[in-house]
Amino acid sequence: MATRGRFETRAIHAGQQPDATTGATIVPVYQTVTFTQDEVGRHHGFEYSRTANPTRAALETCLASLEGGRFGFAYGSGMAAIHGVLQLLSAGDHVVVADDLYGGSFRLFSNVLPRFGVRFSYVDATRPEEVAKAVEPATRMLWIETPTNPLLRLVDVAACAEIARRYGVRLAVDNTFATPYLQNPLALGAHVVVHSTTKYIGGHSDVIGGAVVVDDEETAQTLQFTRNATGGIPGPWDAWLTLRGARTLALRMRQHEANAARIAAFLAERPSVTAVYYPGRPDHPGHQLAKKQMRGFGGMVTIELEGGAAAARAFCAATRVFSLAESLGGVESLVGYPWTMSHAAFPPDEKRRKGITEGTVRLSVGIEHVDDLCADLEDALAAARAA
Ligand SMILES: Cc1ncc(COP(=O)(O)O)c(C=O)c1O
């Protein structure tokens, strides 16, 4: 039975009824490989934990509810989830991909899947007409992220969904940056939503995971069959930690966003910051679209520093509250250098073409006190100017 209520209520109750045998209020960690059957073929809905596990099932029900879909699937990482979706395809199929995408997805699409006969065309999906132009007879899927990583560009999900419908293909959206709290691609017409739950959903930088949510039963059956056949599941502890994170997603996102908006405004006033990319700023090219398809602007801020590589590297080395580290979406603030970190998989020319330079710095704004974050950034800007 679907849990009713608003987002915050579903985050805490969907899939999380008291345990049927013990009454445990919190979903237990079912750390078991197998489930004893009463007689051959008669069991309580679970046989073997690769196929299904009650802790994982609770997480999947919760995430499906938060994304507004009927079927959720948890995976061992965001990349395993992305790979799981691509396994809906067969040799000879073609995918149109938004070229502004996570470097790890690009690595999978350019170095691994072509060996299995799947082809990819990259387009500037901020212009949906480019997506439509790239569709071929063999196209089976459109793949987008929005907001994009690291420049936080906006892609019109409803416009891409319309193109997908026109050509009878699936639209898959990586919703990691927005989170289900701020954006629900299925409601905008997408067929598949993907998350790296490692980021905001887990929210504490202590568990790697991924998820897929769909509303269509046939797609769900194929995903379940393929994941069971290939085995990319999370363990029960990881599923439990991710579910614990999901329960506070709304609260955290509100604070991430409040802090990010303050920091974007603060950095925009600093002369050595030559660009601030934050969809909440009225001068951001995707601001109107963000207002239309999202319920807020998120916690990521990317900046361009005067002084190129030397300034950016000095900035990243000088922060004390922001940790210089891969990843994003945790309660702690992180600073990243896309040129050699998250976007290392892209060749330099490709990075420049996208607008990522040696002076680009990405901030995952955490939920610490915003005054401490601003003071830390002020010190790092001084270090960058001195470099
Ligand atoms: C937008 C996006 N999608 C997918 C992934 C991959 O997720 P994971 O690291 O959990 O495999 C990442 C990781 O940074 C990401 O930023």
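Residues numbered from 1 in each chain as written. Predicted model: local features only at pLDDT ≥ 70, side-chain atom pairs only at ≥ 80, totals over all residues. Heavy atoms only, no water.

Caption draft 1: Just the overall build of the chain, in detail. Looking only at helices and strands, one finds 14 helices and twelve strands in the chain. For 387 residues, the compact-globule estimate of 2.2 N^0.38 gives 21 Å, and the C-alpha radius of gyration of the chain, at 21 Å, lies within 12% of that figure. With the principal axes as the frame, the chain shows a C-alpha extent of 75 × 50 × 35 Å. Considering the chain as a whole, with its 387 residues, one finds that 54% of them fall into the buried category. In the chain, once contacts between residues fewer than 6 apart in sequence are set aside, the share between residues at least 24 apart is 71%. (Helix = DSSP H or I, 4+ residues; strand = E, 2+ residues; numbered from the N terminus. Rg over C-alpha atoms; globule rule 2.2 N^0.38 Å. Buried < 20%, exposed > 50% of the residue type's maximum accessible area, 1.4 Å probe, protein only. Contact = heavy atoms within 4.5 Å.)

Caption draft 2: Spotlight on the pairing of strand 3 (residues 119–123). Both strand 2 (residues 94–98) and strand 3 contribute to a ladder of five bridges, which runs parallel. Looking at strand 3, one finds that His 94 is bridged to Arg 119. Where the polypeptide runs from strand 2 across helix 4 (residues 103–112) and back to strand 3, its parallel neighbour, the crossover connection is right-handed. (Pairing = 2+ DSSP bridges. Right-handed = clockwise from strand over helix to strand, strands pointing away.)

Caption draft 3: Examining the packing of aromatic side chains more closely. Evaluation of the coordinates by the stated rule reveals seven aromatic pairs. Aromatic side chains Phe 106 and Phe 346 sit 4.3 Å apart centroid to centroid with 25° between the ring planes, which places their arrangement in the stacked category. With Phe 106 in helix 4 and Phe 346 in the loop between strand 11 (334–336) and helix 13 (348–354), this pair connects stretches of sequence that are 240 residues apart. For the pair Phe 106 and Phe 346, one class covers both residues: buried. Aromatic rings pair up to connect Phe 106, Tyr 122 and Phe 346 into one cluster. Lying across the ring of Tyr 75, Arg 227 places its NZ or CZ 5.6 Å from the centre. (Phe/Tyr/Trp six-rings, centres within 6.5 Å; stacked < 30°, edge-to-face > 60°. Lys NZ or Arg CZ within 6 Å of the ring centre and 35° of its normal.)

Caption draft 4: Structural detail: the pattern of salt bridges. Under the definition given, this model contains 21 salt bridges. Salt-bridge contacts for Glu 39 lead to Arg 42; the nearest nitrogen and oxygen are separated by 3.5 Å. For Asp 100, the salt bridge is made with Arg 153, and the minimal N-O distance between the two is 3.4 Å. In this pair, Asp 100 sits in the loop between strand 2 and helix 4 while Arg 153 sits in the loop between strand 4 (139–145) and helix 6 (157–167), placing the two residues 53 residues apart along the sequence. You can call Arg 153 partly exposed: its relative accessible area is 31%. Connected via shared salt-bridge partners are Asp 99, Glu 350, Arg 353 and Lys 354. (Salt bridge = Lys/Arg side-chain N within 4 Å of Asp/Glu carboxyl O.)

Caption draft 5: Seen up close, the packing of helix 3 (residues 78–86) against helix 4. Contact pair helix 3 / helix 4: the axes reach a minimum separation of 10 Å and the direction vectors enclose 40°. In terms of orientation, helix 3 lies oblique with respect to helix 4. Read as a crossing pair, helix 3 and helix 4 show a hand that is right-handed. Only Gly 104, Ser 105, Leu 108 and Phe 109 of helix 4 make contact with helix 3, whose side of the interface consists of Met 79, Ile 82, His 83 and Leu 86. Among the residues forming the contact of helix 3 with helix 4, the class breakdown is five nonpolar, three polar and no charged. (Axes fitted to C-alpha atoms, helices over the stretch in contact; angles between N-to-C directions. Parallel < 35°, antiparallel > 145°, perpendicular 65-115°, else oblique. Left-handed = near helix turned anticlockwise from the far one by under 90°. Nonpolar A, V, L, I, M, F, W, Y, C, P; charged D, E, K, R; others polar.)

Caption draft 6: Quick peek at the confidence of the model for the chain. Confidence in the prediction for the chain averages 97 pLDDT; 99% of positions are at 70 or higher. Within the chain, the lowest mean pLDDT, 91, falls on helix 13, and the highest, 99, falls on strand 7 (residues 210–214). (pLDDT = per-residue confidence, 0-100.)

Caption draft 7: Quick look at helix 8 (residues 217–230). The terminal C-alpha atoms of helix 8, which comprises 14 residues, lie 20 Å apart, in line with the 20 Å expected from a rise of 1.5 Å per residue. The complete set of buried residues in helix 8 reads Thr 219, Ala 220, Leu 223, Thr 226 and Arg 227. Angular distribution of buried residues about the axis of helix 8 spans 135°; they occupy a single face of the element. Residues Glu 218, Gln 221, Phe 225 and Ala 229 are exposed on helix 8 and point more than 90 degrees away from its buried face. If you follow the buried residues of helix 8, they end up packed against helix 2 (54–67), strand 1 (71–75), helix 3, strand 5 (170–174) and strand 7. Remark: Gly 231 follows helix 8 within two positions and exhibits a positive phi of approximately 90°. (Expected span 1.5 Å × (residues − 1). Arc of directions from axis to C-beta.)

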